[in-house]
Amino acid sequence: SQKIEQNSEALNIQEGKTATLTCNYTNYSPAYLQWYRQDPGRGPVFLLLIRENEKEKRKERLKVTFDTTLKQSLFHITASQPADSATYLCALNDYAGNNRKLIWGLGTSLAVNP
Amino acid sequence: EPEVTQTPSHQVTQMGQEVILRCVPISNHLYFYWYRQILGQKVEFLVSFYNNEISEKSEIFDDQFSVERPDGSNFTLKIRSTKLEDSAMYFCASSDLTGQLTGELFFGEGSRLTVL
């Protein structure tokens, strides 16, 4: 079955630097791959998605890449700010029948230090 | 901005008791979901719901679980006889048709269930 692996170690970076988070999956390439943000004790918040036939997607300071050969997505936050500190979750659609369910990585915790 | 709301935010119950978690999805969304997250673990899919019936459920969603849309706004998750291992954060989510295809879901803030 499909599994998602994200860096389990927390990422600490200095304000203003670029944070890069990695998401690897094991089996088939999904039609869509999503990145969510989760703050402690809160629900996931959708940030960005990328389609299977897209190499890169940008939204403001966020950039997502998708390499189906490597079975990997990278998530970048440029000009990082302390407010970007959170856990970032990678998810992808697990197609089943006429509906989709998301399967999730454990997330990578990001701390941006002022 | 429209949001998904969940109640209660925290519920403590004794093992074997019934629990109902409530959700009000975004009003023009037609697809509804429950996910759960045990502390320190991954978010896990429980069930999806569309057109007043379950679309898909995971192996976690056994006979102890049920969902219902009792009226035009609420979406509930019932656990009939809670077990210790049901302790988790339960997230309700909703989406429109595009979101159902792409995985762009809107999540509530969660209901933390503690089973003693």
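The structure displayed is predicted, hence computed values, not measured ones.

So, how was this worked out
Sequence order as written defines the numbering, with residues in each chain counted from 1. Note on labels: chains are lettered from A, ligands numbered from 1, in written order. pLDDT decides what is reported in this predicted model: residues at 70 or higher carry local features, side-chain atom pairs at 80 or more are listed and counted, and totals for whole chains, interfaces and linings draw on all residues regardless. To get the side-chain values, take all heavy atoms of the structure and skip hydrogens and water. Each helix is a run of H or I in the DSSP string that is no shorter than four residues. Each strand is a run of E no shorter than two, and both are numbered from the N terminus. It is over C-alpha atoms that the radius of gyration is taken, and the globule rule equals 2.2 Å times the number of residues to the power 0.38. Categorising residues by exposure relies on relative accessible area from a 1.4 Å probe, with only protein chains included: less than 20% of the type maximum marks a residue as buried, more than 50% marks it as exposed, and the intermediate range marks it as partly exposed. By the convention used here, residues are in contact when the closest approach between their heavy atoms is within 4.5 Å. Here's the idea: put two parts together, see how much 1.4 Å probe accessible area each one loses, and the total over both is what we call buried area. Salt bridges are identified by distance alone: a Lys or Arg side-chain nitrogen within 4 Å of an Asp or Glu carboxyl oxygen. What qualifies as a polar contact is a pair of N or O atoms within 3.5 Å, subject to a donor-acceptor requirement within protein and to the restriction that residues adjacent in sequence count only when both atoms come from side chains. For Phe, Tyr and Trp, where Trp contributes only its six-membered ring, two rings pair if their centres lie within 6.5 Å, and the inter-plane angle classes them as stacked under 30 degrees, edge-to-face over 60, or tilted in between. Each pair of strands is called paired provided DSSP finds at least two bridges between the two strands.

A. Structural view of the overall build of chain A. Counting secondary structure elements, chain A contains zero helices and eleven strands. Each helix and strand of chain A, ordered N terminal to C terminal, gives the series β-β-β-β-β-β-β-β-β-β-β. Relative to the 2.2 N^0.38 estimate, which gives 13 Å for 114 residues, the radius of gyration of chain A is 14 Å and therefore close to what a compact globule would have. Burial analysis of chain A (114 residues in total) assigns 46% to the buried set. Considering only intrachain contacts with a sequence separation of at least 6, the fraction spanning at least 24 residues in chain A is 53%.

B. Region of the structure containing the interface of chain B and chain A. Chain B puts 22 residues into the contact, and the matching count from chain A is 23 residues. With both chains or domains summed, chain B and chain A bury close to 2,000 Å², and 50% of this area falls on carbon and sulfur atoms. Of all residues in chain B, Lys 42, Glu 56 and Thr 102 of chain B give up the largest surface area on contact with chain A, accounting jointly for 26% of the area buried on that side. On inspection of chain B and its partner chain A, the count reaches two salt bridges.

C. How the structure looks around the side chain of Gln 6 of chain A. Residue and element names in this part refer to chain A. By the element assignment, Gln 6 lies in strand S1 (residues 4-6). At 3.0 Å, the side chain of Gln 6 and the backbone oxygen of Tyr 88 are in polar contact. Within the structure, Gln 6 has its side chain in polar contact with the backbone nitrogen of Gly 107 (distance 3.1 Å). Aside from chain neighbours lying at most four places away, what touches Gln 6 is Thr 22, Cys 23, Trp 35, Tyr 88, Leu 89, Cys 90, Gly 105, Leu 106, Gly 107 and Thr 108.

D. Molecular detail of the pattern of salt bridges. All names here are of chain A. Enumeration according to the criterion identifies seven salt bridges over all chains in this entry. Glu 54 is the partner of Lys 57 in a salt bridge, and the nearest nitrogen-oxygen pair spans 3.8 Å. Note on Lys 57: relative accessible area 25%, which makes it partly exposed.

E. Up close: the environment of Thr 82 of chain B. Residue and element names in this part refer to chain B. Inspection of the secondary structure puts Thr 82 in the loop between strand S8 (75-79) and strand S9 (88-95). When its relative accessible area of 1% is taken as the criterion, Thr 82 is described as buried. As a C-alpha pair, Thr 82 and Val 115 span 33 residues in sequence and 6.9 Å in three-dimensional space. Residues within four places of Thr 82 in sequence aside, it is in contact with Thr 13, Gln 14, Met 15, Gly 16, Gln 17, Val 19, Leu 113 and Val 115. Within the local environment of Thr 82, its side chain forms a polar contact with the backbone oxygen of Gln 14, the two atoms lying 3.2 Å apart.

F. Examining the packing of aromatic side chains more closely. Inspection of the entire model under this criterion finds 17 aromatic pairs over all chains. Measuring from ring centre to ring centre gives 6.5 Å for Tyr 33 of chain B and Tyr 35 of chain B, while their planes differ by 40 degrees; the resulting arrangement is tilted. Across this residue pair, the class does not change: Tyr 33 of chain B and Tyr 35 of chain B are buried. Aromatic ring contacts, followed pair by pair, group Tyr 36, Phe 46 and Trp 104 of chain A together with Tyr 33, Tyr 35, Phe 45, Phe 91 and Phe 107 of chain B into a single cluster.

G. Layout of the side chain of Gln 2 of chain A. Residue and element names in this part refer to chain A. By the element assignment, Gln 2 lies in the segment before S1. Gln 2 gets classed as buried once you look at its relative accessible area, which sits at 10%. Side-chain polar atoms of Gln 2 contact the backbone nitrogen of Thr 26, separated by 3.2 Å. Within the local environment of Gln 2, its side chain forms a polar contact with the backbone oxygen of Tyr 28, the two atoms lying 2.7 Å apart. In this view, Gln 2 contacts Tyr 25, Thr 26, Asn 27, Tyr 28, Leu 92 and Ile 103; residues no more than four positions away in its chain are not counted.

H. Representation of the pairing of strand S8 (residues 72-77) of chain A. Residue and element names in this part refer to chain A. Where strand S3 (residues 19-25) lies against S8, six bridges are found, and the strand directions are antiparallel. Paired with Cys 23 across the strands is Ser 73, a residue of S8. Where strand S7 (residues 62-67) lies against S8, six bridges are found, and the strand directions are antiparallel. Looking at the pairing, Lys 63 lines up with His 76 of S8. Hairpin connection from S7 to S8: four residues lie between these consecutive antiparallel strands, with Lys 71 at a positive phi of about 60 degrees.

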